[in-house]
Amino acid sequence: FCMTKIALFMIMCSYVAGTCMDPIEMDTYYDDMYTCLNAGYLESLSKSEEIGADDINQHGIYMKFVCMEKEIILPKGKPV
């Protein structure tokens, strides 16, 4: 069984290094863009608090994210 959901991909960058890490797909899938976008903002805030002000300021770290449609294949009898 296949269905379309919205996947959240987080990307951590450093303007000091001038690079971004590869996108990381989060484990939760969303039914709509609105919910995914709000989750992306919350995850960005959570990650910045986890990293801390010292490292963020020293390395110029910032978070980006993108929400994209994704086909999800479900095993029989398993809810999303």
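What you see is a predicted model, and the numbers here were worked out from it, not measured in a lab. (Residues numbered from 1 in each chain as written. Predicted model: local features only at pLDDT ≥ 70, side-chain atom pairs only at ≥ 80, totals over all residues. Heavy atoms only, no water.)

Draft legend 1. Spotlight on the nonpolar core. Listed in full, the 10 residues of the largest apolar core are I6, L8, M10, Y30, C36, A39, I56, I61, M63 and C67. Counting residues per element, the ones that place at least two in this core are β1 (2-14), α1 (33-51) and β4 (61-73). In this structure I56 touches S48, I51 and I61, once residues within four positions along its chain are discounted. (Core = buried A, V, L, I, M, F, W, Y, C linked by side-chain atoms within 4.5 Å. Buried < 20%, exposed > 50% of the residue type's maximum accessible area, 1.4 Å probe, protein only. Helix = DSSP H or I, 4+ residues; strand = E, 2+ residues; numbered from the N terminus. Contact = heavy atoms within 4.5 Å.)

Draft legend 2. Spatial organisation of the pattern of salt bridges. Considering all chains together, one arrives at 3 salt bridges under this definition. Where D31 meets K5, a salt bridge forms, and the shortest distance between an N and an O atom there is 2.2 Å. Here D31, found in the loop between β3 (24-30) and α1, pairs with K5, found in strand β1; they are 26 residues apart in sequence, far enough to count as distant. Take D31: its relative accessible area is 64%, and that puts it in the exposed class. Put simply, K70 and E25 hold a salt bridge, and the shortest N to O gap is 2.7 Å. Taken as a pair, K70 in strand β4 and E25 in strand β3 lie far apart in primary sequence, 45 residues in all. (Salt bridge = Lys/Arg side-chain N within 4 Å of Asp/Glu carboxyl O.)

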